[in-house]
Amino acid sequence: MQTTKSDTLKNSLQAKISHVENELKDSHEKQRNWEETQAVCNIKANPKFFFKYCKKFSKTQVKIVLEPAEFFKVHTQHHLTLVNISFTITDVQEAISELKIYSAAGPDGVPSILLLRCKEALALPLYKFWRCSLDNGIIPSILKEAIISPIHKGGDRSQAKNYRTQAVAVDGHKSQPEKVSSGVPQGSVLGPLLFLVLIADIEKTVTGSFLSSFADDTTLSHRISASEDVVQLHAHIQRVFHWADTNNM
């Protein structure tokens, strides 16, 4: 008799669980259909919502470092260290928390959603990873790479030079990487500051002309009241070109 009651209760609970699971499944399906309809209907008015919706279904391959010693392979040249930079495991967790959940993965293939969902477990190994990197003055080459979305800067859209350079990903296909030996990293925190440091001495190249800079745009102006002023302006322009060539700009 006791066994029969237990079986009845078990079957009742299983039926309720099955009912709840079906309701959750139906609710999820309705929500997904609604989001898909909203994304398609508003693709022109709100393209950002459309691409955000599509990103949720993109697949990302994650690379696993099996040989840390090889990953941090030390070369014979001297490395500068940054041992005075201090941070904690909590700092790593807080930095991860600032990531956007739908941010695309970088060249390492690790999506931000994985870091966010597993930050407690990943904070310690990431702390050791960067502590070792700073103490030895070594940054793995894969972390120096960047995948750039091909944003049109102006001009003929069929010309590759009118788009951002470095490795470019389009529709899941990635171009061959291009080594960039000048300038500063795009999209980084220190990028704008490093760029200002890089161009800080450009004003020393000219005297008598006015230089104004905003971001990566620099304007050279000179008052023209005689033919000699034209010659001087041309000489200043040549000096700026020489400065750019010297600084690999």
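Residues numbered from 1 in each chain as written. Predicted model: local features only at pLDDT ≥ 70, side-chain atom pairs only at ≥ 80, totals over all residues. Heavy atoms only, no water.

**Points about the overall build of the chain**
Right, so step 1: When helices and strands are counted, the chain shows 8 helices and 5 strands.
Right, so step 2: Each helix (α) and strand (β) of the chain, taken in turn from the N terminus, gives the series α-α-α-α-α-α-β-β-β-α-β-β-α.
Right, so step 3: Within the span of the chain, comprising 249 residues, buried residues form 16% of the whole.
Right, so step 4: Sequence-distant contacts in the chain: of pairs separated by 6 or more residues, those separated by 24 or more amount to 44%.
Right, so step 5: Carbon and sulfur atoms make up 57% of the accessible area of the chain, which amounts to about 19900 Å² in all. (Helix = DSSP H or I, 4+ residues; strand = E, 2+ residues; numbered from the N terminus. Buried < 20%, exposed > 50% of the residue type's maximum accessible area, 1.4 Å probe, protein only. Contact = heavy atoms within 4.5 Å. Areas by Shrake-Rupley, 256 points an atom, 1.4 Å probe, with all protein chains shown as cover.)

**Overview of the pattern of salt bridges**
Right, so step 1: What the rule picks out here adds up to 1 salt bridge.
Right, so step 2: Of the charged contacts, one joins aspartate 135 and arginine 131 as a salt bridge, the two residues approaching to 3.0 Å between their closest N and O atoms. Taken together, the residues span about one helical turn, with aspartate 135 and arginine 131 both in helix H6 (residues 119–136) at a distance of 4 residues.
Right, so step 3: On the basis of relative accessibility, which here comes to 33%, the residue aspartate 135 falls in the partly exposed class.
Right, so step 4: With a relative accessible area of 15%, arginine 131 lands in the buried category. (Salt bridge = Lys/Arg side-chain N within 4 Å of Asp/Glu carboxyl O.)

**A short note on the confidence of the model for the chain**
Right, so step 1: Model confidence for the chain is summarised by a mean pLDDT of 75, while 72% of its residues fall at 70 or above.
Right, so step 2: Mean pLDDT across the secondary structure elements of the chain bottoms out at helix H3 (residues 68–71), with 60, and peaks at helix H4 (residues 89–97), with 92. (pLDDT = per-residue confidence, 0-100.)

**Structural notes on the side chain of histidine 236**
Right, so step 1: Here histidine 236 lies in helix H8 (residues 227–246).
Right, so step 2: Here histidine 236 falls in the buried class, since its relative accessible area comes to 2%.

**Considering the environment of proline 177**
Right, so step 1: Position of proline 177 relative to the elements: it lies in the loop between strand S3 (173–174) and helix H7 (191–198).
Right, so step 2: By relative accessible area, which is 55% here, proline 177 ends up exposed.
Right, so step 3: For the pair proline 177 and glutamine 166, spaced 11 residues apart in sequence, the C-alpha separation works out to 5.9 Å.

**Considerations on the packing of aromatic side chains**
Right, so step 1: Summed over all chains, the structure comprises 2 aromatic pairs.
Right, so step 2: For the pair phenylalanine 129 and tryptophan 130, a centre-to-centre distance of 5.2 Å together with 80° between the ring planes defines the contact as edge-to-face. (Phe/Tyr/Trp six-rings, centres within 6.5 Å; stacked < 30°, edge-to-face > 60°.)

**Some thoughts on the side chain of serine 112**
Right, so step 1: Relative to the assigned elements, serine 112 resides in helix H5 (residues 112–117).
Right, so step 2: Of the residues examined, serine 112 reaches a relative accessible area of 6% and is grouped as buried.
Right, so step 3: Within the structure, the side chain of serine 112 is placed 2.7 Å from the backbone oxygen of lysine 100, a separation counted as a polar contact. (Polar contact = N/O pair within 3.5 Å; in protein donor to acceptor, adjacent residues only side chain to side chain.)

**Section: H8**
Right, so step 1: Relative to the 28 Å expected for 20 residues at 1.5 Å per residue, H8 spans 29 Å between its end C-alpha atoms, a close match to the ideal helical length.
Right, so step 2: Restricting attention to buried positions, one finds in H8 the residues Asp229, His236, Trp243 and Ala244. Along the long axis of H8, the arc covered by the buried residues comes to 100°, so they all point the same way. With respect to the buried face of H8, the exposed residues turned more than 90 degrees away are Ser227, Glu228, Val231, Phe241, His242, Asp245 and Thr246.
Right, so step 3: Where H8 is buried, its residues touch H7 and strand S5 (217–221).
Right, so step 4: Directly beyond the C-terminal end of H8, a positive phi value near 55° is found at asparagine 248. (Expected span 1.5 Å × (residues − 1). Arc of directions from axis to C-beta.)

**Brief notes about the packing of H4 against H6**
Think of two packed helices as two axes; the pair is described by the angle between the axes and how far apart they sit.
Right, so step 1: In contact at an axis separation of 9 Å, H4 and H6 are set at 125° when each is read in the N-to-C sense. It follows that H4 is oblique to H6 by the angle criterion. The handedness of the crossing between H4 and H6 is right-handed. Where H4 abuts H6, its residues Ile89, Val92, Gln93, Ile96 and Ser97 lie against Lys119, Glu120, Ala123, Leu124, Leu126 and Tyr127.
Right, so step 2: Counted by class, the contact of H4 with H6 contains 7 nonpolar, 2 polar and 2 charged residues. (Axes fitted to C-alpha atoms, helices over the stretch in contact; angles between N-to-C directions. Parallel < 35°, antiparallel > 145°, perpendicular 65-115°, else oblique. Left-handed = near helix turned anticlockwise from the far one by under 90°. Nonpolar A, V, L, I, M, F, W, Y, C, P; charged D, E, K, R; others polar.)

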